[in-house]
Amino acid sequence: MVLPPAGKKVVVSDQSAEEITRVEELSYELKIADVMSRDVFSITPDMPMHDVIEHFRQQRISGAPVLSNNTLVGIISMEDLIRCLIASDQDAIAEKYMTKKVITVRSTDPTVEAMKLFVNSRVGRLAVVEPDGKLVGIITKGDITRGLLNALQTDYKQEEIRRYRASHLFEDIESDRTSLILRYNIKVNDFTHGGAASTNIKKALLRLGANPQIARRVGIAVYEAEMNLIIHTINGGYLRVEIEPHRISIETTDDGPGIPDVSKALKPGYSTATEEIRELGFGAGMGLTNIARCVDTMVLDSQPGKGTHLKLRIFLKKEETVGEGWPANKES
Amino acid sequence: MNVENIISLVQGKVLTNNINLEQEIIGGFGADLMSDVLASIQPGAVLLTGLCNPQVVRTAMMADVHAIVLVRGKCPPQETVELAELEKIPLISSPFGMFEICGRLYKAGLKSLEGCITEKPCNS
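Read on for an overview of the structure. (Residues numbered from 1 in each chain as written. Chains lettered and ligands numbered in written order. Predicted model: local features only at pLDDT ≥ 70, side-chain atom pairs only at ≥ 80, totals over all residues.)

1. Side note on the overall build of chain B
Point 1. Within chain B, the secondary structure is distributed over five helices and six strands.
Point 2. The N-to-C order of helical and strand elements in chain B reads α-β-β-α-β-α-β-α-β-α-β.
Point 3. Here chain B, with 124 residues, has 47% of them falling under the buried criterion.
Point 4. Considering only residue pairs separated by 6 or more positions, chain B has 56% of its internal contacts joining residues 24 or more positions apart. (Helix = DSSP H or I, 4+ residues; strand = E, 2+ residues; numbered from the N terminus. Buried ≥ 20, exposed ≤ 12 C-beta atoms within 10 Å, placed from the backbone. Contact = placed C-beta atoms within 7 Å.)

2. Concerning the overall build of chain A
Point 1. Scanning chain A from N- to C-terminus turns up 13 helices and ten strands.
Point 2. Counting across all 332 residues of chain A, residues that qualify as buried make up 31%.
Point 3. Counted over contacts in chain A with a minimum sequence separation of 6, partners at least 24 positions apart contribute 65%.

3. A look at unusual backbone geometry
Point 1. Cis geometry marks the peptide bond from Gly256(A) to Pro257(A); its omega dihedral reads 10°.
Point 2. Examined against the element boundaries, Pro257(A) turns out to sit in the loop between strand S8 (247–254) and helix H11 (262–265).
Point 3. Despite not being glycine, Ser88(A) shows a phi value in the positive range, around 45°.
Point 4. The residue Ser88(A) is located in the loop between helix H4 (78–86) and helix H5 (94–97) in this model.
Point 5. Phi is positive for Lys88(B), close to 55°, though the residue is something other than glycine.

4. Some thoughts on the sheet that holds strand S7 (residues 237–244) of chain A
All names here are of chain A.
Point 1. Taken in spatial order, the five strands make up an open sheet running S6-S7-S8-S10-S9, and their pairing is antiparallel. With partners counted over all chains shown, the strands left at the sheet margins are strand S6 (180–186) and strand S9 (297–303), one partner each. The average angle at which neighbouring strand axes cross in this sheet is 10°, direction not considered.
Point 2. Relative to S8, S7 runs antiparallel, the two sharing eight bridges. Bridge pairing in S8 places Leu-239 opposite Thr-252. (Pairing = 2+ DSSP bridges. Axes fitted to C-alpha atoms, helices over the stretch in contact; angles between N-to-C directions.)

5. Things to note about the interface of chain A and chain B
Point 1. If you look at the interface, chain A gives 24 residues, while chain B gives 23 residues.
Point 2. Going through the elements one at a time, helix H9 (196–207), helix H10 (212–232) and helix H13 (287–294) of chain A are the ones with two or more residues in the side of chain A that touches chain B.
Point 3. Broken down by element, the residue count for the side of chain A that touches chain B peaks at five residues, all from H10(A).
Point 4. Split by residue class, the side of chain A that touches chain B holds nine nonpolar, eleven polar and four charged. (Nonpolar A, V, L, I, M, F, W, Y, C, P; charged D, E, K, R; others polar.)

6. Side note on the packing of H10(A) against H13(A)
Residues and elements named next belong to chain A.
Point 1. Where H10 meets H13, the axes come as close as 8 Å, and the angle between the chain directions of the two elements is 150°. On the basis of their axis angle, the class for H10 and H13 is roughly antiparallel. Classified by chirality, the crossing of H13 by H10 is left-handed. Of H13, the residues touching H10 (which contributes Arg-217, Ile-220, Ala-221, Glu-224, Ala-225, Met-227 and Asn-228) are Gly-287, Asn-290, Ile-291 and Cys-294.
Point 2. Grouping the constituent residues of the contact of H10 with H13 by class yields six nonpolar, three polar and two charged. (Parallel < 35°, antiparallel > 145°, perpendicular 65-115°, else oblique. Left-handed = near helix turned anticlockwise from the far one by under 90°.)

7. Some remarks on the nonpolar core
Point 1. One finds Ala221(A), Ala67(B), Ile68(B) and Val69(B) to be the most contacted residues of the largest nonpolar core, which totals 76 residues.
Point 2. Element by element, the count of residues in this core is highest for H10(A), at twelve residues.
Point 3. Among all residues touching Ala221(A), those that are not within four sequence positions of it are Ile250(A), Ile291(A), Cys294(A), Val295(A) and Leu312(A).
Point 4. Val35(A), Ile75(A), Ala94(A) and Leu126(A) belong to the second largest nonpolar core, which has 25 residues in total. (Core = buried A, V, L, I, M, F, W, Y, C linked by C-beta atoms within 7 Å.)

8. Here's the deal with the sheet that holds strand S5 (residues 135–140) of chain A
Residue and element names in this part refer to chain A.
Point 1. With mixed pairing, the three strands of this open sheet are ordered in space as S3-S4-S5. Single-partner strands in this sheet number two, and they are strand S3 (104–105) and S5.
Point 2. Bridge analysis of S3 against strand S4 (residues 125–129) gives two bridges, and the strand direction is parallel. Each residue of the ladder has a partner; that of Thr-104, found in S4, is Ala-127.

9. A look at the pairing of strand S1 (residues 63–68) of chain A
Residues and elements named next belong to chain A.
Point 1. Where S1 lies against strand S2 (residues 71–77), six bridges are found, and the strand directions are antiparallel. Bridge assignment links Leu-67 to a residue of S2, and that residue is Leu-72.
Point 2. Here S1 folds back onto S2, and the loop between the two strands holds two residues, one of which, Asn-69, carries a positive phi near 50°.

Shown next, in the form of structure tokens:
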């Protein structure tokens, strides 16, 4: 099997923000040496064409390099064979029909170099040579496809392993009570990055093997809480999510300005947002209502002039547990 | 109905690369206030909105939205497009207004994914 170059970890990550695809990336990462065929069958310039045809048939190949004293002098492809057959000239020697202008590449070149040559030249195979002209292999479009597929499969396996490890996190670690705490500092008025923490939290939960509905409930609650820190605080705030197999606890803390009338703030549609904030798509007056709808318990503690502390909890049923580590003493 | 059908019904222009045209769309939802979206949307919807900032994509991500249609030919800022690509949510711009798009999709058989609000409206 062809593996990616040693020392280079090839992993498909959730963060693959690049506009280029993974295949395009791999075509730069994989070197020609990683995908080419070595130990290729070669012929000599003086081999009669009927022998060449017989070799091609027996070995089921469609082309071969022609070597004279270990030096590359040409290449014979199906096209050359057809020309020979049309002329009924099978007794001629390979030298007569071989293509003398051989396109070569270096084994250290990235695979994309070979791709470019295939696109521009319409040949079926390229000779891979060392700087001294010695042939080290042959590369075909099939070799490239196989190399890319193998690399993608390796990516996929590594990603599977990572997912597996994450989803077994809680059962692999032994303690009386294990939890994973995620912390984020949220800046006030940072609408560009607003929601980034929530996105990461939702992804973390899915990676830990949480049920999608739980991830959605947590995602919506945290997103509203995060946007509240961005819109309504003086100095931003602090977001903390504690993940346990049976419970998810979310807390936000800020140092002001605080909510003057908490019962009003909890009414659906009640909003103190400015017209500017509404133009950004916020201030529907549904934030706290949405949060309350998504969580099992909500405690809102706010003092004008001091700040607000929001505590949310979502309790998981055994079948919804995160990370397959439902505590043995919590049988439901 | 899938993403490809939606694009053709709204005569939309796709703004993100590498989208899955086969992705199924279960229903539709139209809103410009993101908390309204989060209040009642069900998973698998196409979100119709006049809002163009990156929060649309964040909201879509939280609400498991399968495609976003920007109404009235809006052209979003680059960061919105980039985020949509990162989160693999198709971003489509349609020349029509919100009412027209809702009508076209509804007429073509797309159901509403706007859950009814259970609380009494305007309990004054």
